[in-house]
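So the chains spell out like this:
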Amino acid sequence: MIRPMKIWKSLLRRKLRTFFAVLGVAIGIAAVVSLRSAAKGFKAQFQRITELYQSQIIVVDKTASSPIFSFIAESTLADIAKIDGVSTVSGNLLTFSRLPNQPMFLVIGLDPGGDLFKQVRILEGKGLVGGGPGEALLGQRAAESMGIGLGATVPIRGRNYRIVGIYTQKTNITDSGVIVRLSDLQELTNQKERVTLAAVSVSDKNWTVAEIREGRTQAEMLEIRTQAVIREIEKRFPSLSANRAETLVDQYTQLEMIDTFALAISFLAALVGGVGVMNTMMMSVFERTREIGVLRAIGWSGRRVLAMVVVEGALLSFFGGIIGIGLGIAMLETIVRVMSTTVTWVDSTYPPRLMAEALALALGLGIFGSLLPGWKASRLDPIEALRYE
């Protein structure tokens, strides 16, 4: 049996070296937690945006690298509306503008009478229905960050817009922007009669005999009709891609690439910490050669010596992992707080699974980093080890 006090004594024998080994693992795990949490938070924000469209079909340009770069002719929306099973079609236009203290300010163009505007909840003031050009709605998060409210003006693409309402859609990205009339934004961006995406609502009425056969539920029939509409849209318009709103995020590999890139960079950082553990344990074995020789002489097996070294390395990495998780969260929260004054849609998320993966990675690095030193220690000849000075 390996005595806990003996392990503590071994680790504290060289306090400074142990400290740097723990610090190396902590920094690596902090990178894992901060980078991957930021990536997952970024993806979660886009996921929340798609939830605004509920069960609608989202149509975008198939060649666009992301939804923000998609453009569809408004005449196409009228053609989509003629497809059997389609109830309504509405579009929006998305772009970014630069303000003095907001380098990436989201601007959303919506038709005040369209279905997409129904997802906008007015908290203060009024909507855009019945007003005139030059009016805008400011997101709740943007209003708080910029310290302005009703009656203030916001410059958008060289034109001043008066804030007539404060809105929320309960997502950081959309609540950090401004909504103007679709026609206004089309003129400002020279995208007349074009939209970024189309939201298609499928009718849940006038079922055909083929749809109601075999005793299907209404939900099942709606799903069948939705899939039929998606196929028909992509058949008639080969340059467009149609997807259910909840699956749209998965269609863009850039979001996955961000997470993969964050994973790769953070894993490299953690690997450096693992190398630090291996170096620490190798030096520990080297300095304790006589001690290990004594243990072997009094009956310790090579396997027991190996287990002792591996447990020491795992313990180092465990504490490094715990500290690293806390450090990573603190780092990301600090970054989010600092950036919130200029980029208000930055967010973070800390799923328990990610925390468990980070701690498991720390333990894994500690164990694997200790295997080579432990193997060398287990193969020491007791007589030769006792002669070591």
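Residues numbered from 1 in each chain as written. Predicted model: local features only at pLDDT ≥ 70, side-chain atom pairs only at ≥ 80, totals over all residues. Heavy atoms only, no water.

**Some words on helix H3 (residues 74-81)**
Piece 1. Where H3 is concerned, the buried positions are Thr76, Leu77 and Ile80. Burial along H3 is one-sided: seen end-on, the buried residues are contained in an arc of 105°. (Buried < 20%, exposed > 50% of the residue type's maximum accessible area, 1.4 Å probe, protein only. Helix = DSSP H or I, 4+ residues; strand = E, 2+ residues; numbered from the N terminus. Arc of directions from axis to C-beta.)

**Regarding a nonpolar patch on the surface**
Piece 1. A contiguous nonpolar surface patch, about 650 Å² in accessible area, is contributed by Leu16, Phe19, Phe20, Leu23, Ile27, Leu327 and Met331.
Piece 2. Secondary-structure elements contributing two or more residues to the nonpolar patch are helix H2 (15-51) and helix H11 (302-339).
Piece 3. Per element, the largest residue contribution to the nonpolar patch is five residues, and it comes from H2.
Piece 4. Judged by its relative accessible area of 57%, Leu16 falls in the exposed class. (Patch = residues over 30% accessible without salt bridge, like charges linked within 9 Å, V, L, I, M, F, W, Y side chains within 5 Å. Areas by Shrake-Rupley, 256 points an atom, 1.4 Å probe, with all protein chains shown as cover. Salt bridge = Lys/Arg side-chain N within 4 Å of Asp/Glu carboxyl O.)

**Considering the nonpolar core**
Piece 1. With 36 residues, the main nonpolar core has Ile57, Val59, Ile80, Phe105, Leu138, Ile156 and Ile233 as its most contacted residues.
Piece 2. Among residues more than four places away in sequence, those in contact with Ile233 are Val59, Ile80, Ile83, Val200 and Ala242.
Piece 3. Ranked by size, the runner-up nonpolar core spans 24 residues in total, among them Trp300, Leu354, Ala358 and Ala377. (Core = buried A, V, L, I, M, F, W, Y, C linked by side-chain atoms within 4.5 Å. Contact = heavy atoms within 4.5 Å.)

**Regarding unusual backbone geometry**
Piece 1. In the Ramachandran plot, Arg157 falls in the positive-phi region, its phi being about 55° despite a non-glycine side chain.
Piece 2. Judged by relative accessible area, Arg157 falls into the partly exposed class, the value being 40%.
Piece 3. Notably, Asn190 is not glycine yet its phi reads approximately 55°, a positive angle.
Piece 4. By the secondary structure assignment, Asn190 is in the loop between helix H6 (182-188) and strand E10 (194-195).

**Remarks on the pairing of strand E1 (residues 57-61)**
Sheet faces and side chains relate simply in a regular strand, where the side chains alternate between the two faces.
Piece 1. By the criterion of burial, E1 is predominantly enclosed, with five of the five residues buried.
Piece 2. Taken together, the three bridges between E1 and strand E11 (residues 197-202) define a ladder with antiparallel strand orientation. The residue bridging Ile58 from the neighbouring strand is Ala199, located in E11.
Piece 3. Sheet analysis places E1 next to strand E12 (residues 240-244), joined by five bridges and oriented antiparallel. Along E12, the bridge assignment pairs Val59 with Ala242. (Pairing = 2+ DSSP bridges.)

**Examining the packing of aromatic side chains**
Piece 1. Within the structure shown, the criterion is met by one aromatic pair.
Piece 2. Summarising the aromatic geometry, the rings of Phe318 and Phe319 are spaced 5.7 Å apart at their centres and angled 70° between planes, so their arrangement reads as edge-to-face.
Piece 3. Here Phe319 falls in the partly exposed class, since its relative accessible area comes to 34%. (Phe/Tyr/Trp six-rings, centres within 6.5 Å; stacked < 30°, edge-to-face > 60°.)

**Quick notes on the side chain of Ser34**
Piece 1. Relative to the helices and strands, Ser34 resides in helix H2.
Piece 2. Within the structure, the side chain of Ser34 is placed 2.8 Å from the backbone oxygen of Ala30, a separation counted as a polar contact.
Piece 3. Here Ala31 takes part through its backbone oxygen, which lies 3.4 Å from a polar atom of the side chain of Ser34.
Piece 4. Beyond its immediate stretch of four places on either side in the chain, Ser34 contacts Gly328, Met331 and Leu332. (Polar contact = N/O pair within 3.5 Å; in protein donor to acceptor, adjacent residues only side chain to side chain.)

**Let's talk about helix H8 (residues 218-236)**
Turn by turn, an α-helix covers 3.6 residues, leaving residues three or four places apart pointing in a common direction.
Piece 1. Counted at 1.5 Å a residue, the expected span for H8 with its 19 residues is 27 Å, and the 27 Å between its end C-alpha atoms agrees.
Piece 2. Here H8 has its buried residues at Met221, Arg225, Thr226, Val229, Ile230 and Ile233. (Expected span 1.5 Å × (residues − 1).)

**Some remarks on the pattern of salt bridges**
Close approach of charged atoms lets side chains of opposite charge pair.
Piece 1. If you walk through the whole model with that rule in mind, you get nine salt bridges.
Piece 2. For Glu187, the salt bridge goes to Arg159, with nearest N and O atoms at 3.5 Å. Linking Glu187 in helix H6 with Arg159 in strand E8 (residues 159-168), this pair joins segments that are 28 residues apart in sequence.
Piece 3. On the accessibility criterion, Arg159 (29% relative accessible area) is partly exposed.
Piece 4. Between Arg236 and Glu232 there is a salt bridge, with the nearest N and O atoms lying 2.7 Å from each other. Remark: Glu232 and Arg236 occur in helix H8; sequence separation between them is four residues, near one turn of the helix.
Piece 5. Residue Glu232 is classed as partly exposed on the basis of its relative accessible area, which comes to 25%.

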